[in-house]
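In case you want the letters, here they are:
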Amino acid sequence: MATSAVARETVFALRRQIAKIEGTLPERLQAPAGAPVDAPRNPTADVTPKNITPKNLTIVRRGLAVAPPDEFLRTGAEGLDTALGGGLPKAALSEIHGAATRDAGAVAGFALSLVSLILKQGPRLPVLWIGTAEIFREAGFPYARGLHRLFGIEPEQLLFSEAPRLVDALWTAEEAARITALAAVILEIRGSPQRLDLTATRRLHARAQSAGRPVFLLRQAGEPEPTAAPVRLVLSAAPSAPRQTIAGPLAGSIGRPAFTVSIGKSRTALPGQFTLEWNPDERSFEERRAGERRQEPAANLIPVVSASRRGKDPAPASGAILAFAAVGSPAAGDQPSPGERAAHRRPRRAG
């Protein structure tokens, strides 16, 4: 009997150690103090004993969680917040995944919406956005006027760090995640590089827990892979609804930005899909119910390039790109058009 009790204590010790590495504080498997390890639990009873502090709150099983409300960032969409057990964890690594490069705008817009919610609740601290040179060339940078108009973020509050290699971006994110003077840290990665493994994401998650600040991992055109993030959301753009007027919906107009949000991974929620609209005036999300009128999406005939599969860091540029031939005489075989004058072939003067 004593041997069995020791074995059970050893198993729970191992579970607690694993949970500290991979899980958030509200999501650790922990036996209540003074309670027998194999004691049955009543699902209808209070799952928060009086002798358990908020730091020791436990998720007993999927869908049954106890945690203080301030541990989560509520989006305002009741369906998504309820499915996630209260919202996105504040002090944790959260993964926001875009299946293709064309979804980069939706992923970035959703991340900026979450940052707007954070700044709305707390002090208006700066936000650091980290990425490689490749991702910024492919997806671009946010527009300053759009930051203020749609999200209430001042341009000087959003700091960018462009790293030449993924290893440099990961190092910058790890160091920034421990800084409490930042409201949030955003790390944007393209594809499925080898260095972005479970170990790297565990370090980011641990730094976010220690600093009590969120770290958002934006994955562009990559495959869903094992990470230490407790929550993975898959994002894509949703058709906007028409603008509402006194006379009704304005045909042919474009309303608020909309997102299709799917729960790809969660330790407490079942998979689900939601359509959220961002209200730039109220700085909050609103869930679009089934059956509401919306614009029909246009057919997209652009081919999609397959995502990278656990490849190495992107290769450096092959060299300078020459968009035009050297100024001078036309190459052999090039003939000016009949209407072209000789002055048009002269080199353009600077200034």
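It should be emphasised that the depicted structure is a prediction, and the values quoted were computed from it without experimental measurement. (Residues numbered from 1 in each chain as written. Predicted model: local features only at pLDDT ≥ 70, side-chain atom pairs only at ≥ 80, totals over all residues. Heavy atoms only, no water.)

This brings us to the nonpolar core. Counting residues in hydrophobic clusters, the biggest one holds 41 residues, and the most contacted among them are Ile96, Phe110, Leu114, Phe216 and Phe285. Top contributing element to this core by residue count: helix H3 (residues 104-121), with eleven residues. Every residue in contact with Phe216, bar those within four places of it in the chain, is listed here: Ser94, Ile96, Leu114, Val115, Ile118, Ala184, Val185, Ile186 and Leu187. Core analysis: the second largest hydrophobic core is formed by 21 residues, Leu128, Ala163, Leu196 and Leu217 among them. (Core = buried A, V, L, I, M, F, W, Y, C linked by side-chain atoms within 4.5 Å. Buried < 20%, exposed > 50% of the residue type's maximum accessible area, 1.4 Å probe, protein only. Helix = DSSP H or I, 4+ residues; strand = E, 2+ residues; numbered from the N terminus. Contact = heavy atoms within 4.5 Å.)

All right, on to unusual backbone geometry then. Even without being a glycine, Ala221 presents a positive backbone phi close to 55°. Mapped onto the fold, Ala221 is located in the loop between strand S9 (215-220) and strand S10 (231-237). Overall, Ala221 belongs to the buried group, its relative accessible area being 9%. Positive phi, normally seen in glycine, also occurs at Arg283, with a value near 55°. What makes Arg283 partly exposed here is its relative accessible area of 21%.

A few words now on the confidence of the model for the protein chain. Of all residues in the protein chain, 66% have pLDDT values of 70 or greater, and the mean over the chain is 77. Between residues 24-65, whose pLDDT stays under 50, and residues either more than four places distant or in other chains, the model counts 64 contacts. (pLDDT = per-residue confidence, 0-100.)

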